[in-house]
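The chain contents come next:
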Amino acid sequence: MIYPSPLDHQAHQAVAETAVAARANADEGASRTLWGDAFGRLKKNKLAVVAAIWILFIILVAATADLWVPQTLGDPNATGANMAAESRLPPSLEHPFGTDTLGRDVLSRVIYGARISLTVGVVATGISTIIGLVMGAIAAYYGGIWDTIIMRLADIFLAFPYTLFVVAMIAVIGNGIQNVFIAIGILGWPSIARVFRSAILSVKENDYVDAARAMGASDVRIVARHIFPNSVASIVVYATMNIGGAILTESALSFLGMGVVPPDPSWGTLIQSGQQYLQTEPWLMILPGLAILSTVLAFTLLGDGLRDALDVKMKDA
Amino acid sequence: MADKEPLLKVEHLSKEFPAESGMLMSRFAKKVSAVNDISFEIYPGETLGLVGESGCGKSTTGRSIMRLTRPTAGHVYFEGRDVATMSHKELKSLRREMQFIFQDPYASLNPRMTIGEIISEPLQIHGDGRTAAERNKYVRELLDVVGLNPEHINRYPHEFSGGQRQRIGIARAFALHPKLIICDEPVSALDVSIQAQVLNLLKDLQKQFGTAYLFIAHDLSVVQHISDRIAVMYLGKIVELSDWKSLYAEPFHPYTQSLLSAAPIPDPDLMNTRRRIILAGDPPSPIDPPTGCRFHTRCPIAKARCSSEQPEFRQVEPGHFCACHFAEPFPIKESSVEL
């Protein structure tokens, strides 16, 4: 020995022993998958579980409404002869949240409104996610001039007040459900693109991407096997939260009379039609307001829970 | 050694990085000279240790050889073929022969893949002609060879410790039986006791497969343990290259001498009495390296000539190269440890 080193013969023997011991200690058995792990962590987050149950409940109620909402409570789109008699009734056993100006049951309007509001939230988020993923991926992979162009474009989009931008767009293309999808969807891409771009850029720095390159893996393989699976978590989180945001934007638009057109019930139009009776018949607004509040909150909490659950480094602590 | 054909021949390799990404002034932007005109050879089955302090260009050298970054100048010949000018197709076949082991066992394994998938990925990429079942069997054998339980083939990296993960990385590097593996500080992220295990594993595998290593490290005792020859780098240049015995016994370059005199010894009496060469100041910035000999600003024996004239990388003894105008063997026997 010239220089002291931890690596003498004794160490070598100890190595052999510890290696054997390590093997003996290691428990056998099926391994858990990462997504399975994430689900396990999500289950421990009570707020996220409550939020997920609430969202599932709303979806279930909205999807099955035709089967069990009693049509005798008033056809949600009806304007019958008994309209005047049933107009703006206070809450009763028959109408738990009263009736609206046209004698329609508020509860069933809110249930049917869930269909439209949820659809707007999901579809609009879907549109912005697809655009955002493509733009973010191009910016991050190709870098250079593409990165500059796309990111500056995103900056320009983000520089305008979002709601005003959506309103302006609706004013140009006209209102109606499809146009609400399009306006919210198209204008929502810049933030998704940014999130995805930064996720890719940080994943790209990892040694396992270099390892794949050193192995001779093709670009497609590196993206599909290494980069995408490791950057998609942030998008799942962001998209979940974005659904709540899109529902909120739709409500705001409908409230301004620029979104879903009556008699189609969306939560925003329900609030809008109830707002003038706020002081005398507040039940017209309370239920749709609560529906928006609870659903948007649920999506945000679920997104929060997902973020914690999908973080690989945060193990079962 | 000299009579054999080198496996890898690095000639005048340089790598510069732009220091500021000036959009308009890019032509005048400053450059970091990470690696500057270095040359060395690696022979089949040997281990060349590459030591130096942080930021001296060790890792950049390794990455340039693999063409994970493109060298700015110079050539890297692997079995006579120039890596720097290879086409994509040639590069892919090269990567069968040359593999990389990374420093960070946490960042080098994809957390979304099982270790079975990780280790068999190079086999898939290069189409080894095995069926899925044969591949599974082979990966299990490899796990056994590197000292892991083959039953853990379906586990994910986060279920393993740092040392175990490094073994996974080693199994992946050996999957195709490459001729050369570049080990970029493979043990510096591990505990000392685990370092010993991993180093011994690397040695055993080398004996078994006849693989050559370029072993990058900053720890002299680690390098000494594994290397046949050692190259010392300072600020992007190789200052001394020799077989490990003569380098540790008779270092010529004042930088090597000071490095060796700084290595700790587990004997307090010796530690207190030995002569230490303490270098003044910090390493100069590679953006603006000193003229002449890059070490002259901190060198205890520097003279006027050193700041104007770059020292030649010359042979001072058979097989012992040194880049210093005034290089002479350092009486390390008196000063540090008994031989």
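Note that the structure is a prediction, hence the values are computed from the model and not measured.

### Examining the overall build of chain A
Counting secondary structure elements, chain A contains 13 helices and zero strands. Written out in order from the N terminus, the α and β elements of chain A read α-α-α-α-α-α-α-α-α-α-α-α-α. Residues classed as buried in chain A amount to 42% of the 317 residues present. Counting only contacts in chain A whose residues sit at least 6 apart along the sequence, the fraction spanning at least 24 positions is 69%.

### Some words on the overall build of chain B
When its secondary structure is counted, chain B shows 12 helices and 12 strands. Taking 339 residues into account, the globule formula puts the C-alpha radius of gyration at 20 Å, and chain B, at 21 Å, falls close to it.

### A short note on the confidence of the model for chain B
A low pLDDT means the predicted coordinates there should not be read in detail. Residue and element names in this part refer to chain B. With 92% of its residues at a pLDDT of 70 or more, chain B has an overall mean of 84. At the low end of the mean pLDDT range in chain B sits helix 12 (residues 332–335), at 44; at the high end sits strand 7 (residues 180–184), at 93. Counting contacts from residues 332–339, a segment whose pLDDT is below 50, to residues more than four positions away or on other chains yields 17 contacts. Predicted complex metrics record ipTM = 0.81 and pTM = 0.73.

### Digging into the sheet that holds strand 1 (residues 8–18) of chain B
Through backbone hydrogen bonds, the strands of a sheet pair up, either in parallel or in antiparallel fashion. Residue and element names in this part refer to chain B. The strand order across the open sheet built from four strands is 2-1-4-5, with neighbouring strands paired in antiparallel fashion. Edge positions in the sheet fall to strand 2 (31–42) and strand 5 (81–82), since each of these pairs with one other strand and no more. Where strand 1 and strand 2 come together, eight bridges link them in antiparallel fashion. Across the sheet, Pro18 pairs through a bridge with Lys31, a residue of strand 2.

### Some remarks on the domain arrangement of chain B
Residue and element names in this part refer to chain B. When cut into domains, chain B gives domain 1 (8–234) and domain 2 (251–339). Each of domain 1 and domain 2 has a C-alpha centre, and the two are 28 Å apart. Every contact between the two is made by 10 residues of domain 1 and, on the other side, 12 residues of domain 2. Of all the secondary-structure elements, those providing two or more residues to the side of domain 1 that touches domain 2 are strand 2, helix 7 (220–226) and strand 9 (229–234). Ranked by residue count, the leading element in the side of domain 1 that touches domain 2 is strand 2, at three residues. For the side of domain 1 that touches domain 2, a count of residues per class yields six nonpolar, two polar and two charged.

### Focus on the nonpolar core
Core analysis: the biggest nonpolar cluster contains 161 residues, and B:Leu214, B:Phe215 and B:Val232 have the highest contact counts within it. Considering each element in turn, this core owes the most residues, 14 residues, to helix 5 (residues 106–142) of chain A. Both domains that meet at this core, namely domain 1 (8–234) and domain 2 (251–339) of chain B, each give it at least three residues.

### Focus: the sheet that holds strand 6 (residues 98–101) of chain B
Residues and elements named next belong to chain B. With mixed pairing, the eight strands of this open sheet are ordered in space as 6-7-8-3-9-10-12-11. Across the chains shown, the open sheet's two edge strands, defined by having one partner strand only, are strand 6 and strand 11 (314–317). Sheet twist, expressed as the average angle between the axes of neighbouring strands with direction ignored, equals 20°. Bridge analysis of strand 10 (residues 237–243) against strand 12 (residues 320–322) gives two bridges, and the strand direction is antiparallel. Considered in strand 12, the bridge of Leu241 is made with Phe321. Against the sheet, helix 5 (residues 162–174) contacts strand 6 and strand 7, and its axis sits at roughly 175° relative to strand 6. Where helix 9 (residues 254–262) meets the sheet, it contacts strand 9 and strand 10, and its direction lies at approximately 105° from that of strand 9.

### Remarks on the environment of A:Gly136
Residue and element names in this part refer to chain A. Along the chain, Gly136 turns up in helix 5. Owing to 29 C-beta atoms within 10 Å, Gly136 belongs among the buried residues under this scheme. Measuring from C-alpha to C-alpha, the distance between Gly136 and Arg194 comes to 6.1 Å, with 58 residues separating the pair along the chain. Each residue touching Gly136, except ones within four places of it in the same chain, is listed here: Ile192, Ala193, Arg194, Phe196, Arg197 and Ile200.

### Side note on unusual backbone geometry
All names here are of chain B. With a phi angle near 50°, Asp37 is a residue other than glycine that sits in the positive phi range. Along the chain, the position of Asp37 falls in strand 2. Here His177, not a glycine, exhibits a phi torsion of approximately 50°, which is positive. For His177, the position within the fold is in the loop between helix 5 and strand 7.

### Looking at the packing of helix 3 (residues 46–68) of chain A against helix 5 of chain A
In helix packing, the relevant descriptors are the interaxial angle and the interaxial distance, both defined with respect to the helix axes. Residue and element names in this part refer to chain A. Contact geometry for helix 3 and helix 5: axes closest at 8 Å, N-to-C directions at 110°. What the angle tells us is that helix 3 and helix 5 run roughly perpendicular. The chirality of how helix 3 crosses helix 5 is left-handed. Counting all contacts with helix 3, which are made through Ile58, Ile59, Val61, Ala62 and Ala65, the residues of helix 5 involved are Ile111, Tyr112, Ala114, Arg115 and Leu118. Broken down by class, the residue content of the contact of helix 3 with helix 5 amounts to nine nonpolar, no polar and one charged.

### Things to note about the pairing of strand 1 of chain B
Pairing of strand 1 of chain B with strand 4 (residues 73–78) of chain B, which is carried by five bridges, proceeds in the antiparallel orientation. Bridging from a neighbouring strand, B:Glu11 pairs with B:His75 of strand 4 of chain B.

### Focus on helix 12 (residues 267–274) of chain A
Most of helix 12 of chain A is tucked away, with eight of its eight residues classed as buried. Among all positions in helix 12 of chain A, only A:Trp267, A:Gly268, A:Thr269, A:Leu270, A:Ile271, A:Gln272, A:Ser273 and A:Gly274 are buried.

### Here's the deal with the packing of helix 5 of chain B against helix 6 (residues 192–209) of chain B
All names here are of chain B. It is at 10 Å that the axes of helix 5 and helix 6 come closest, and there the two elements cross at 15°. Accordingly, the angle class assigned to the pair helix 5 and helix 6 is roughly parallel. Judged by the sense of rotation from one axis to the other, the crossing of helix 5 with helix 6 is right-handed. Residues Gly162, Gly163, Gln166, Arg167, Ile170 and Phe174 of helix 5 form the contact with helix 6, whose own contacting residues are Ile194, Gln197, Val198, Leu201, Leu202, Leu205 and Phe209.

### Some details on the confidence of the model for chain A
Residue and element names in this part refer to chain A. Per-chain confidence: chain A averages 78 in pLDDT, with 79% of residues scoring 70 or above. Of all secondary-structure elements in chain A, the lowest mean pLDDT belongs to helix 1 (residues 9–25), at 43, while helix 6 (residues 144–159) reaches the highest, 90. This stretch, residues 1–31, has a pLDDT under 50; its non-local contacts, to residues over four places away or in other chains, come to 39 contacts.

The rules behind each value
- Residues numbered from 1 in each chain as written.
- Chains lettered and ligands numbered in written order.
- Predicted model: local features only at pLDDT ≥ 70, side-chain atom pairs only at ≥ 80, totals over all residues.
- Helix = DSSP H or I, 4+ residues; strand = E, 2+ residues; numbered from the N terminus.
- Buried ≥ 20, exposed ≤ 12 C-beta atoms within 10 Å, placed from the backbone.
- Contact = placed C-beta atoms within 7 Å.
- Rg over C-alpha atoms; globule rule 2.2 N^0.38 Å.
- pLDDT = per-residue confidence, 0-100.
- Pairing = 2+ DSSP bridges.
- Domains from an automatic or database assignment.
- Nonpolar A, V, L, I, M, F, W, Y, C, P; charged D, E, K, R; others polar.
- Core = buried A, V, L, I, M, F, W, Y, C linked by C-beta atoms within 7 Å.
- Axes fitted to C-alpha atoms, helices over the stretch in contact; angles between N-to-C directions.
- Parallel < 35°, antiparallel > 145°, perpendicular 65-115°, else oblique.
- Left-handed = near helix turned anticlockwise from the far one by under 90°.

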